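Chains, contacts and geometry: an overview
Single-letter residue listing:
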Amino acid sequence: MAGSSSDIIVGIDLGTTNSLVAYCDQQGPRVLVNERGERLVPSVVRYESTAGGESRAVVGSEARAAAGEFPATTISSVKRLMGRSVDDARADLPYFSFDVRAGERGTARLAIPTPSGERIVSPQEVSADILRTLREQASAALGAEVHRAVVTVPAYFDDAQRQATRESGRLAGLEVVRILNEPTAAALAYGLGLDRQSERNAAKEPVAVFDLGGGTFDVSILKILSAGGPAGEETSVFQVIATSGDTHLGGDDVDRLLVDYALDGRPVGSVAPGDMARLVASAEAAKRYLSQGDRAVIGVDQSEGPRVERSLDRGAFERLIEGWVERAITCCRRAMGDAARVLGMDGGSMRVGAVVMVGGSTRIPLVRRRVGEFFGLDPYVALDPDEVVALGASVQASILSGTTRGRLLLDVIPLSLGIETVGGAVAKLIMRNSAVPTRATEMFSTSVDGQTSIAIHILQGERELSQDCRSLGMFHVRGIAPMPAGIPQLQVEFAVDSNGVLSVSAVERRSGRRAAVQVIPNHGLTAEEVDRIERESVVHAREDMARHRVIDLVVNSRLDLKWIGDRMERFGHLVEADYLGQLREAAEALAAMVARAESDWRSVEAGEFYTAKEFLDRLSVRLQEVSITESLRVDPPGALPGGA
Ligand code: ADP
Ligand code: MG
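Reference entry: report on the structure contained in this document. (Residues numbered from 1 in each chain as written. Chains lettered and ligands numbered in written order. Predicted model: local features only at pLDDT ≥ 70, side-chain atom pairs only at ≥ 80, totals over all residues. Heavy atoms only, no water.)

Section: the site of ligand 1
The criterion, for reference: Put simply, a residue is near a molecule or strand once any heavy atom of it comes within 4 Å of that molecule or strand. In protein, a polar contact means a hydrogen-donor-capable atom and an acceptor-capable atom, both N or O and within 3.5 Å, with residues adjacent in sequence counting only if both atoms are side-chain atoms; elsewhere, any N or O pair within 3.5 Å suffices. With residues, only the protein chains shown are counted as cover, and all accessible areas are computed by Shrake-Rupley using a 1.4 Å probe. Going along the chain from the N terminus, every DSSP run of H or I of four or more residues is numbered as a helix, and every run of E of two or more is numbered as a strand. In this classification, the charged set is Asp, Glu, Lys and Arg, the nonpolar set is Ala, Val, Leu, Ile, Met, Phe, Trp, Tyr, Cys and Pro, and all remaining amino acids, among them Gly, are polar. Domain ranges listed in this record stem from an automatic or a database domain assignment.
Near ligand 1 you find 17 residues, and of these Thr17, Asn18, Glu284, Lys287 and Ser291 are the closest. The contact in question runs from an oxygen atom of ligand 1 to an N or O atom on the side chain of Glu284, over 2.5 Å. Here ligand 1 has 580 Å² of accessible area as a free molecule, and 91% of this is covered by the chains. Elements with a contribution of two residues or more to the shell around ligand 1: helix H6 (251-263) and helix H7 (273-290). Counting residues per element, the shell around ligand 1 draws most heavily on H7, which supplies three residues. In terms of residue class, the shell around ligand 1 is built from one nonpolar, eleven polar and five charged. Counting contributing residues, the shell around ligand 1 receives three or more from each of domain 1 (5-249 + 323-411) and domain 2 (251-322).

Quick word on the packing of helix H13 (residues 577-599) against helix H14 (residues 606-619)
Rules: Think of each axis as a best-fit line through the C-alpha atoms, taken over the contacting stretch in the case of a helix, with angles from 0 to 180 degrees between the N-to-C directions. Geometric relationships in this document are graded by angle, where less than 35 degrees denotes roughly parallel, more than 145 denotes roughly antiparallel, 65 to 115 denotes roughly perpendicular, and other angles denote oblique. Left-handed describes a crossing whose near helix is turned anticlockwise from the far helix by less than a right angle; the clockwise case is right-handed. In this analysis, two residues are considered to be in contact whenever any of their non-hydrogen atoms come within 4.5 Å of each other.
The geometry of H13 relative to H14 is characterised by a closest axis approach of 9 Å and an angle of 150° between their N-to-C directions. It follows from the interaxial angle that H13 and H14 lie roughly antiparallel. In this structure, the crossing between H13 and H14 has a hand that is left-handed. On H14, the residues that touch Tyr579, Gln582, Leu583, Ala586, Ala587, Leu590, Met593, Val594 and Ala597 of H13 are Glu608, Phe609, Ala612, Lys613, Phe615, Leu616 and Leu619. Per-class residue counts for the contact of H13 with H14 are 13 nonpolar, one polar and two charged.

Here's the deal with the environment of Ile329
For the record, the criterion: Exposure categories follow from relative accessible area, calculated using a 1.4 Å probe and restricted to protein chains: below 20% of the type maximum is buried, above 50% is exposed, and the middle band is partly exposed.
Mapped onto the secondary structure, Ile329 falls in helix H8 (residues 314-343). Ile329 gets classed as buried once you look at its relative accessible area, which sits at 0%. Between the C-alpha atom of Ile329 and that of Arg370, which follows or precedes it by 41 residues, the distance is 7.6 Å. In this structure, Ile329 is in contact with Arg370, Val371 and Phe374, ignoring residues within four places of it in sequence.

Let's talk about unusual backbone geometry
Most peptide bonds are trans, and most residues other than glycine sit at a negative phi. Residue Ser77 is not a glycine yet carries a positive backbone phi of 50°. Secondary-structure assignment places Ser77 in the loop between strand S7 (74-76) and strand S8 (99-102). Backbone geometry places Arg105, a non-glycine residue, at a positive phi of 50°. Along the chain, the position of Arg105 falls in the loop between S8 and strand S9 (108-114).

Remarks on the side chain of Gln124
By the secondary structure assignment, Gln124 is in helix H2 (residues 123-142). With residues near it in sequence (within four places) discarded, Gln124 still touches Met82, Ala164, Glu167, Ser168 and Leu171.

Focus: the pattern of salt bridges
The following threshold applies: Here, a salt bridge means any side-chain nitrogen of Lys or Arg that lies within 4 Å of a carboxyl oxygen of Asp or Glu.
By the definition in use, this model includes 35 salt bridges. Note that Asp87 is salt-bridged to Arg90, the shortest N-O span being 2.7 Å. The class of Arg90 is partly exposed, set by a relative accessible area of 48%. Its salt-bridge partner being Lys287, residue Asp255 comes within 2.9 Å of it at the nearest N-O pair. Placement of Asp255 in helix H6 and of Lys287 in helix H7 is noted, with a sequence separation of 32 residues between them. Summarising the burial analysis for this pair, Asp255 and Lys287 share the class buried. Taken together, the shared-partner salt bridges connect Arg46, Glu48 and Arg56 into one network.

Concerning H13
What counts here: Here a helix's expected span is defined as the number of its residues, less one, multiplied by 1.5 Å.
For H13, with 23 residues, the first-to-last C-alpha span of 33 Å sits near the 33 Å given by 1.5 Å per residue. Among the residues of H13, those classed as buried are Tyr579, Leu580, Leu583, Ala586, Ala587, Leu590, Met593, Val594 and Ala597.

A look at the packing of aromatic side chains
Cut-off, in case you're wondering: The pairing test for Phe, Tyr and Trp rings, Trp by its six-membered ring, is centres within 6.5 Å, and the orientation test on the planes gives stacked under 30 degrees, edge-to-face over 60, and tilted for anything in between. Look at NZ for Lys and CZ for Arg. If either is within 6 Å of the ring centre and within 35 degrees of the ring normal, a charge sits over the ring.
Across all of its chains, the model carries four aromatic pairs by this definition. Ring plane angle 55° and centroid distance 4.8 Å describe the contact between Phe210 and Phe217, whose orientation is recorded as tilted. Residue classification places Phe217 among the buried positions, given a relative accessible area of 1%. It is Arg310 that lies over the ring of Tyr261; its NZ or CZ is 3.8 Å from the centre.

What to know about the environment of Val10
When you line up the elements, Val10 lands in strand S1 (residues 9-14). Expressed as a C-alpha distance, the spacing of Val10 and Tyr23, which sit 13 residues apart in the sequence, is 5.0 Å. With residues near it in sequence (within four places) discarded, Val10 still touches Val21, Ala22, Tyr23, Leu32, Ala138, Leu142, Val146, Arg148, Ala149, Val150 and Ala397.

Section: the sheet that holds S7
Cut-off, in case you're wondering: In this description, strands pair whenever DSSP reports at least two bridges between them.
Sheet architecture is open: three strands sit in the order S6-S5-S7, paired in antiparallel fashion. The open sheet has two edge strands with one neighbour each: strand S6 (55-59) and S7. Going across the sheet, the axis of each strand differs from the next one's by a mean of 25°, ignoring polarity. Relative to S7, strand S5 (residues 44-49) runs antiparallel, the two being bridged by three bridges. From the neighbouring strand, Val45 faces S7, where its bridge partner is Ile75. Each of S5, S6 and S7 is contacted by H2, which is oriented at about 105° to S5, the strand it contacts most.

As structure tokens, then:
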């Protein structure tokens with residue numbers, strides 16, 4: 001018995017291709033097997049209609065084995081649809097044999113044919129069926145009901161994808177006590193496999209986690225820091241400092257390459273769907289065999305037509321997949337470059353102390369060889385690449401339940417987070433690749449007199465302008481007493497918790513008004529989109545900066561002009577007519593510049609604009625001295641747009 005059921009927290013690797021559950025007690029972490037002794041549960045669910053019209057879910061190896069027979073009712077790779085809209089998943093649709101539809105707010109739904117019509121299920125429900133199977137498997141193995149789990153997700157999963165994963169847990173009767181990044185889990189399992197001395201050595205150098213699964217590839221660079229914990233215990237802090245990858249690079253591609261090879265020029269469409277499923281299965285088996293053996297045969301007897309058969313040796317196989325392996329190495333190069341930047345090193349001197357191999361496809365010898373060559377060290381393969389993520393998750397679970405002491409985990413956020421300021425500029429509060437949990441606070445004010453409501457528009461992305469970033473939601477602080485522009489003091493706080501979930505709060509300090517912080521979770525970004533956003537931010541950085549500068553100048557000049565205009569009206573009679581004339585002239589020149597910039601920001605030169613603003617600024621000093629009223633002029637660094 002594993003103690004009372006409420007203490008038990010298992011670790012779950014909810015994979016695109018395969019899922020598994022592990023548990024860690026005083027004896028250490030172990031994978032929990034099902035009654036057939038299987039460790040991996042294929043992430044495949046078939047929906048069957050029973051005679052009574054009810055629907056039944058067949059999960060795992062049985063569903064996978066018969067996938068070719070039931071293409072429309074067998075759901076695989078549902079992880080790609082979690083927390084996504086149909087638009088987000090556009091690139092994945094051709095790979096699915098089942099029908100994907102747009103549901104509420106464009107979210108992806110699956111249409112499963114039934115004898116009486118069809119049934120619509122959400123990706124969360126399908127994942128829940130997988131999680132339920134794992135929960136039952138764990139309960140049976142441990143002899144106690146399991147209700148709590150740590151569930152892993154890819155490092156690039158955004159808020160919506162993480163929330164969807166949590167929801168699946170809830171539907172499966174599991175409290176997801178922590179969402180953990182897969183590379184962090186792998187690093188944790190790796191850290192456990194080392195004796196104290198080598199752990200100390202490893203702590204000096206970052207660790208790479210190379211995860212090549214069935215359909216996706218991720219590479220992450222982590223820093224493992226050892227810190228003195230409470231009571232003299234040693235605590236390791238794991239921090240992901242850079243990630244890269246490809247959401248369409250995995251073992252499935254190799255299977256397709258082998259199918260093409262076996263067909264030897266014959267079109268894929270010439271094979272009946274059922275035969276094709278068996279041909280893919282034969283290709284996958286040949287691939288696995290070639291991880292150890294020297295020669296394998298791919299073959300299938302077609303239901304109609306001649307037998308398809310072709311054999312190949314290790315050398316031919318490696319030539320076939322060379323380009324595929326290089327795509328992964330290219331990602332490694334990027335991740336190492338990013339990591340070097342984060343650590344403030346030049347790219348050439350960036351080194352890792354270990355490369356942890358994760359995912360079934362890292363069993364391919366060519367993959368291991370190329371990874372070894374690229375990183376300049378033998379990859380770490382002591383841990384089973386299928387199990388390392390689940391084992392790490394179970395270690396984290398045991399820390400949370402108090403079974404294991406020490407070790408604290410940190411992850412990073414993939415894209416910067418901020419809010420829109422006046423003129424469509426973006427104030428970033430949390431920068432990309434910051435470790436979570438993290439929080440940031442900044443003060444803002446208003447740009448319009450008498451504003452009683454302030455809109456907070458939450459944005460995600462690397463660009464300088466809100467229109468180029470992704471909107472995560474909008475909320476308002478209402479009921480503020482009317483005050484002149486620049487006087488309200490709005491404190492905005494961003495907090496990202498250890499699950500990577502963002503909360504935003506805002507309080508206007510003079511009125512004490514707070515805003516309810518409801519960031520509406522929305523759909524996820526693909527890794528390609530994250531890549532594109534990063535790339536574009538580099539390409540557009542110069543233009544964005546110029547534009548951002550002009551926008552800032554417009555905003556600040558407008559405030560200056562308003563203030564100076566006010567003072568001239570009220571106190572103009574107290575200064576010399578000459579001086580007043582000069583002031584007026586300078587103000588008109590600046591106002592003309594503002595008008596031009598507003599119609600087209602490119603038509604003004606930022607430097608010239610700045611000089612005009614500065615000139616008026618300096619000239620107005622006397623007026624300022626003369627004005628008796630205490631200046632309320634606040635230079636607002638980030639004034640917010642007028643409220644709705
Ligand atoms: P995911 O993380 O996407 O769920 P896995 O880590 O379980 O995926 O990896 C599944 C992939 O690993 C499949 O493409 C499978 O064919 C491949 N694989 C498993 N074992 C081997 C092996 N011995 N040699 C080559 N590829 C393998
Ligand atoms: Mg995996």
